[in-house]
Amino acid sequence: MKNTHFMNPHGYHDSEHYSTARDLAILSLHGMSNPEFAKIASALSYDMPATQKRGVLQIINTSELLSPGSPHFFAGAVGIKSGYTSHAGFCYAGSARQGDEVVFAVIMGSRTGDLDLLRSRPVLVDPTSAFTAHFDRVALLRHKLDAAIDRRLRSEESELRSAVSSIRALSPKRTLER
């Protein structure tokens, strides 16, 4: 991470606190590689253990992408963090998994957290649409790749059959006469 400077652990505004979408994606990637972090980030709720200063603290994840009852639920979403401050706007860093593939999305400085409004404006992108578009594109590319491989294999099979036919056309007598 080259363009990030955190002044506090909670993300509330500080004039010297800044980051980029690229750096937050890198941080998200590293965070999700830690099993405990991934478990907490993808949970709908998490009970933070009691400390000497407070009892158990339940954290509720409000991400609509993780909530099965939400119209914005994305079955492959695996969490991370959304937030808002008046200076930073609505921000989101998250990931989604489909099979062995994981995609990270970072949205910074949005003026709205309303996913329906984000979807209604073609210039803006919401996380659900970004994940869906990516996985649809990957599926299309895999389909095209599979079709190209099939065509290539059929072509090679045809060439091989032609070569075998040519070899069979040579009679053993001709081979012996040479």
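Everything below is about the structure printed above this text.
Here's what I pulled together on the structure shown here. Not measured: the values here are computed from a predicted model.

### Re the overall build of the protein chain
Here's step 1: Assigned secondary structure in the protein chain consists of 5 helices and 5 strands.
Here's step 2: Counting from the amino terminus, the protein chain carries its helices and strands in the arrangement α-α-β-β-β-β-β-α-α-α.
Here's step 3: Classification of the 178 residues of the protein chain by burial places 23% in the buried group.
Here's step 4: Contacts in the protein chain between residues far apart in sequence, at least 24 positions, make up 32% of those at least 6 positions apart.
Here's step 5: For the protein chain, the accessible area works out to roughly 13,000 Å², and carbon and sulfur atoms hold 57% of it.

### Remarks on the nonpolar core
Here's step 1: Leu65, Leu66, Phe74, Ala77, Tyr92 and Ala96 together form the largest nonpolar core, which totals 6 residues.
Here's step 2: Apart from residues no more than four positions distant in its own chain, Leu66 is found in contact with Ala41, Ser42, Ala43, Leu44, Asn61, Phe73, Ala77, Val78 and Gly79.
Here's step 3: Core analysis: the second largest hydrophobic core is formed by 5 residues, Ala38, Ala41, Ile80 and Ala93 among them.

### Observations regarding the sheet that holds strand E3 (residues 77–85)
Here's step 1: Pairing in this open sheet of 3 strands is antiparallel, and the strands run E3-E4-E5 from one edge to the other. The strands lining the two open edges of the sheet, one partner per strand, are E3 and strand E5 (101–110). Taking each pair of neighbouring strands and ignoring which way they run, the sheet shows an average axis angle of 5°.
Here's step 2: Where E3 and strand E4 (residues 89–98) come together, 7 bridges link them in antiparallel fashion. Each residue of the ladder has a partner; that of Ala77, found in E4, is Ala96.

### Observations regarding a nonpolar patch on the surface
Here's step 1: A cluster of nonpolar side chains, contributed by Met1, Phe6 and Leu27, occupies part of the molecular surface with about 280 Å² of accessible area.
Here's step 2: Here Phe6 is to be found in the segment before helix H1 (21–32).

### Looking at the environment of Thr20
Here's step 1: Its location among the elements puts Thr20 in the segment before H1.
Here's step 2: A relative accessible area of 25% means that Thr20 is categorised as partly exposed.
Here's step 3: For Thr20 and Met1, which are 19 residues apart along the polypeptide, the C-alpha to C-alpha distance reads 8.9 Å.
Here's step 4: Residues within four places of Thr20 in sequence aside, it is in contact with Asn3, Thr4 and Met108.

### Let's talk about the environment of Ser70
Here's step 1: Mapped onto the elements of the fold, Ser70 is located in the loop between strand E2 (57–60) and E3.
Here's step 2: Polar contacts involving the side chain of Ser70 include one to the side chain of Glu64, which spans 3.3 Å.
Here's step 3: For Ser70, the side chain forms a polar contact with the main-chain nitrogen of His72, separated by 2.9 Å.

### Overview of unusual backbone geometry
Here's step 1: Unlike most non-glycine residues, Ile80 shows phi in positive territory, near 130°.
Here's step 2: Take Ile80: it is sitting in strand E3.
Here's step 3: Residue Ile80 is classed as buried on the basis of its relative accessible area of 15%.

### A short note on the side chain of Thr4
Here's step 1: For Thr4, the location among the structural elements is in the segment before H1.
Here's step 2: Overall, Thr4 belongs to the buried group, its relative accessible area being 17%.
Here's step 3: Side-chain polar atoms of Thr4 contact the side chain of Ser19, separated by 2.7 Å.
Here's step 4: Within the structure, the side chain of Thr4 is placed 2.7 Å from the side chain of Asp23, a separation counted as a polar contact.
Here's step 5: Discounting chain neighbours no more than four positions away, the residues touching Thr4 are Tyr18, Ser19, Thr20 and Asp23.

### Quick notes on H1
Here's step 1: For H1, which comprises 12 residues, the first-to-last C-alpha distance of 16 Å matches the rise-based estimate of 16 Å (1.5 Å per residue) to within 8%.
Here's step 2: Every buried residue of H1 is listed here: Asp23, Leu24, Ser28, Gly31 and Met32. The buried residues of H1 occupy an angular sector of 160° when projected down its axis, which confines them to one face. Along H1, the residues that are exposed and aim more than 90 degrees away from the buried face are Arg22 and His30.
Here's step 3: Considering only its buried residues, H1 is in contact with helix H2 (35–41), E3, E4 and E5.

Scoring rules and cut-offs
- Residues numbered from 1 in each chain as written.
- Predicted model: local features only at pLDDT ≥ 70, side-chain atom pairs only at ≥ 80, totals over all residues.
- Heavy atoms only, no water.
- Helix = DSSP H or I, 4+ residues; strand = E, 2+ residues; numbered from the N terminus.
- Buried < 20%, exposed > 50% of the residue type's maximum accessible area, 1.4 Å probe, protein only.
- Contact = heavy atoms within 4.5 Å.
- Areas by Shrake-Rupley, 256 points an atom, 1.4 Å probe, with all protein chains shown as cover.
- Core = buried A, V, L, I, M, F, W, Y, C linked by side-chain atoms within 4.5 Å.
- Pairing = 2+ DSSP bridges.
- Axes fitted to C-alpha atoms, helices over the stretch in contact; angles between N-to-C directions.
- Patch = residues over 30% accessible without salt bridge, like charges linked within 9 Å, V, L, I, M, F, W, Y side chains within 5 Å.
- Salt bridge = Lys/Arg side-chain N within 4 Å of Asp/Glu carboxyl O.
- Polar contact = N/O pair within 3.5 Å; in protein donor to acceptor, adjacent residues only side chain to side chain.
- Expected span 1.5 Å × (residues − 1).
- Arc of directions from axis to C-beta.

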